[in-house]
Amino acid sequence: MMAEERNDSKVLKTIQITNTYQDDVLELVQSCVPEGFQIRTLPENSIETLISCVAEADYILASGRVKITGEVLDKAKKLKMVQRTGVGLDSLDLEAMKQRNIPLYVNQGVNAQSVAEHTILMILACLRKLTLIDRNTKNGIWKKQEQGITTYELNGKTVGIIGMGNIGQKVARLLNAFGTTVVYYDQYRQPEIVEKELKLQYQPLEAVLECADVLTLHCPLTAKTNMLLNKKAFCGMKEGVVIVNTARGGLIDESALLEALEMGKVSFAGLDVHAEEPISKNNKLTANEKVIATPHIGGITYNSFRQMMQAAMRNFEKFEKGDLEEIVQYLH
């Protein structure tokens, strides 16, 4: 177990981080820790390691993909509450937390701008085949017109957004600057005033899949959305559609996506999230030249990461002081 402790005569409250922060990342996190607290990180990212480390935790900062299960919670006898660095809940056993009366707090919207900007980056990179043309240029292939006419502008395209929460709305706002038509599907339709402001058109899911030139995912991973984009969904899409996923890897059936890429149904895909993280070296999907892959980094910039840590540490400090009216609890 790695511990970062302050020299203090008082007993420090321990925050167990469910990730392996090191070097500059660890230094940045440490700079956000309030007085009276110490952080502990995992020597390796595994549930077994977390179970062995969590006994002394007063608080858990849930970061990364290590699951917080009932077994983890049973070992955390001193645990007062769990704080997520972001908003995704698929790494948490919410029922186990409810049964043990462990409150949960999230950083609602704290990295939404970062994810939204990464989404636009992915969309543009796919339409302009950036990675392929970058590689060719560096290899001395200077085919200006030949390569140029295989790429497309975002202007005039219909972009389908699945999920219209904080991130989806920010993506829609950014897309307006490109002269796109934005259609969306969400379990909950936005108020008319929001649709007008963001120039949104609500459509049933099947209609969004059918009309989108670009489809981007911004919904949570649940039992209902698991493999939302499967073989049937791809069959109902436009020829040459671009797929972007900066939400959760499990939203896409990766074998079906690979088949759709190979058949040309999907022209390009930008994937920041993956069914298996980290991805294996022999992953056929990310090895495809029509896939742009990043390591679940969409929500992480210097700005957003620091804000996430500051917001999380503020919640720990407020909770410890009993200032519960100043922080918003997600799970009671």
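All of the points below concern the structure found in this document. For clarity, every value in this text was computed on a predicted model and none was experimentally measured.

**Notes on the pattern of salt bridges**
Counted under the stated rule, the structure contains 16 salt bridges. A salt bridge links Asp 90 to Arg 248, with the nearest nitrogen and oxygen atoms 2.8 Å apart. One end of the pair, Asp 90, is in the loop between β5 (81–84) and α4 (94–99); the other, Arg 248, is in the loop between β11 (241–245) and α12 (254–263), with 158 residues separating them in the sequence. Relative accessible area serves as the criterion here: at 25%, Asp 90 is assigned to the partly exposed category. The exposure class assigned to Arg 248 is buried, which follows from its relative accessible area of 13%. Here Lys 318 ties to Glu 326 by a salt bridge, and the two come within 2.8 Å at their closest N and O atoms. Residues joined in a network through salt bridges with shared partners are Lys 13, Lys 80 and Glu 320.

**Digging into the state of the cysteines**
Throughout the structure, instances matching the rule amount to zero disulfides. Unpaired in terms of disulfides, Cys 126 finds its nearest cysteine sulfur in Cys 219, a separation of 18 Å. The closest cysteine sulfur to the non-disulfide-bonded Cys 211 is located on Cys 219, 16 Å from its own sulfur.

**Structural notes on the nonpolar core**
Counting residues in hydrophobic clusters, the biggest one holds 29 residues, and the most contacted among them are Leu 215, Leu 229, Phe 234, Met 237, Ile 243 and Leu 257. Taken together, the elements giving at least two residues each to this core come down to α10 (205–211), β10 (214–217), α11 (231–235), β11, α12 and β12 (266–271). With five residues, α12 is the largest single contributor of residues to this core. Ile 123, Cys 126, Ala 172 and Leu 198 belong to the second-largest nonpolar core, a separate cluster that totals 25 residues.

**Concerning helix α8 (residues 166–176)**
Within α8 the residues assigned to the buried category are Gly 168, Val 171, Ala 172 and Leu 175. The buried residues of α8 all sit within an arc of 100° when viewed along its axis, so they share a single face. Contacts made by the buried residues of α8 are with α5 (112–127), β7 (158–162), β8 (181–185) and β9 (200–202).

Thresholds applied
- Residues numbered from 1 in each chain as written.
- Predicted model: local features only at pLDDT ≥ 70, side-chain atom pairs only at ≥ 80, totals over all residues.
- Heavy atoms only, no water.
- Salt bridge = Lys/Arg side-chain N within 4 Å of Asp/Glu carboxyl O.
- Helix = DSSP H or I, 4+ residues; strand = E, 2+ residues; numbered from the N terminus.
- Buried < 20%, exposed > 50% of the residue type's maximum accessible area, 1.4 Å probe, protein only.
- Disulfide = S-S within 2.5 Å.
- Core = buried A, V, L, I, M, F, W, Y, C linked by side-chain atoms within 4.5 Å.
- Arc of directions from axis to C-beta.
- Contact = heavy atoms within 4.5 Å.

Geometric descriptors of this kind do not, in isolation, establish any biological role.
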